[in-house]
Amino acid sequence: MTRSTKAEKARQLNAARGLLQRHVALPEAVRRLSREFELSERQAYRYLEEASQLDRPVEVTEATVPITLKLPPRTVELLRKSAKSSGLTIGAIVTGALNAFLGALKKHG
């Protein structure tokens, strides 16, 4: 069995958290998680146990490529404030915003 990457673990924890938030009974949640991610029931239970301690979803990270952006100072200030208050990185905020923007373009273009 291969070790999970950080992104895989984040997806598994978020799926476990979703099952718990939907009040799926623990035995059923273990079965679903185990089946969906090809985990042992013991592993699935551990993910559910860990997910029960989360107060928000885990950020799913992918490999990143550094880029340089030139932004107005006010935008940078707002980004920094948003990052500080949300606990997200500036990169995560920009990625989310760009994905939403590009997705909207795709729908209308």
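Residues numbered from 1 in each chain as written. Predicted model: local features only at pLDDT ≥ 70, side-chain atom pairs only at ≥ 80, totals over all residues. Heavy atoms only, no water.

### Description of the overall build of the protein
Part 1: Secondary structure assignment for the protein yields five helices and zero strands.
Part 2: Overall, the protein shows an N-to-C arrangement of helices and strands of α-α-α-α-α.
Part 3: For 109 residues, the compact-globule formula gives about 13 Å, and the C-alpha radius of gyration of the protein, at 18 Å, lies well above that figure.
Part 4: Each principal axis of the C-alpha distribution contributes one length, and for the protein these read about 50 × 30 × 30 Å.
Part 5: For the protein, with 109 residues in total, the buried portion stands at 21%. (Helix = DSSP H or I, 4+ residues; strand = E, 2+ residues; numbered from the N terminus. Rg over C-alpha atoms; globule rule 2.2 N^0.38 Å. Buried < 20%, exposed > 50% of the residue type's maximum accessible area, 1.4 Å probe, protein only.)

### Quick word on the nonpolar core
Part 1: Among the nonpolar cores identified, the biggest contains 13 residues, and A16, L19, A29, L33, Y47 and L48 are the most heavily contacted of them.
Part 2: Not counting residues within four places of it along the chain, the set of residues in contact with L33 comprises Q12, A15, A16, L19, E38, L39, A44, Y47 and L48. (Core = buried A, V, L, I, M, F, W, Y, C linked by side-chain atoms within 4.5 Å. Contact = heavy atoms within 4.5 Å.)

### A look at the environment of E28
Part 1: As for its placement among the helices and strands, E28 is situated in helix 2 (residues 26-37).
Part 2: For E28 and S40, which are 12 residues apart along the polypeptide, the C-alpha to C-alpha distance reads 14 Å.

### Points about the pattern of salt bridges
Part 1: With the rule as written, the count across this model stands at five salt bridges.
Part 2: The salt bridge partner of K9 is E50, with a shortest N-O separation of 3.7 Å. Here the residue K9 occupies a position in helix 1 (residues 6-21), and E50 occupies one in helix 3 (residues 41-51), the gap between them amounting to 41 residues.
Part 3: Classification of K9 as partly exposed rests on a relative accessible area of 35%.
Part 4: Linked by salt bridges that have partners in common, E28, R31 and R32 make up one network. (Salt bridge = Lys/Arg side-chain N within 4 Å of Asp/Glu carboxyl O.)

### Focus on the packing of helix 1 against helix 2
Part 1: Running from N to C, helix 1 and helix 2 point in directions that differ by 150°, and their axes come no closer than 10 Å. Considering the angle they form, helix 1 stands roughly antiparallel to helix 2. For the element pair helix 1 and helix 2, the recorded crossing hand is right-handed. Side by side, helix 1 and helix 2 meet where R11, Q12, A15, A16 and L19 of the first sit next to A29, R32, L33 and F37 of the second.
Part 2: Here the contact of helix 1 with helix 2 is composed, by residue class, of six nonpolar, one polar and two charged. (Axes fitted to C-alpha atoms, helices over the stretch in contact; angles between N-to-C directions. Parallel < 35°, antiparallel > 145°, perpendicular 65-115°, else oblique. Left-handed = near helix turned anticlockwise from the far one by under 90°. Nonpolar A, V, L, I, M, F, W, Y, C, P; charged D, E, K, R; others polar.)

Nothing here speaks to function; it is all geometry.
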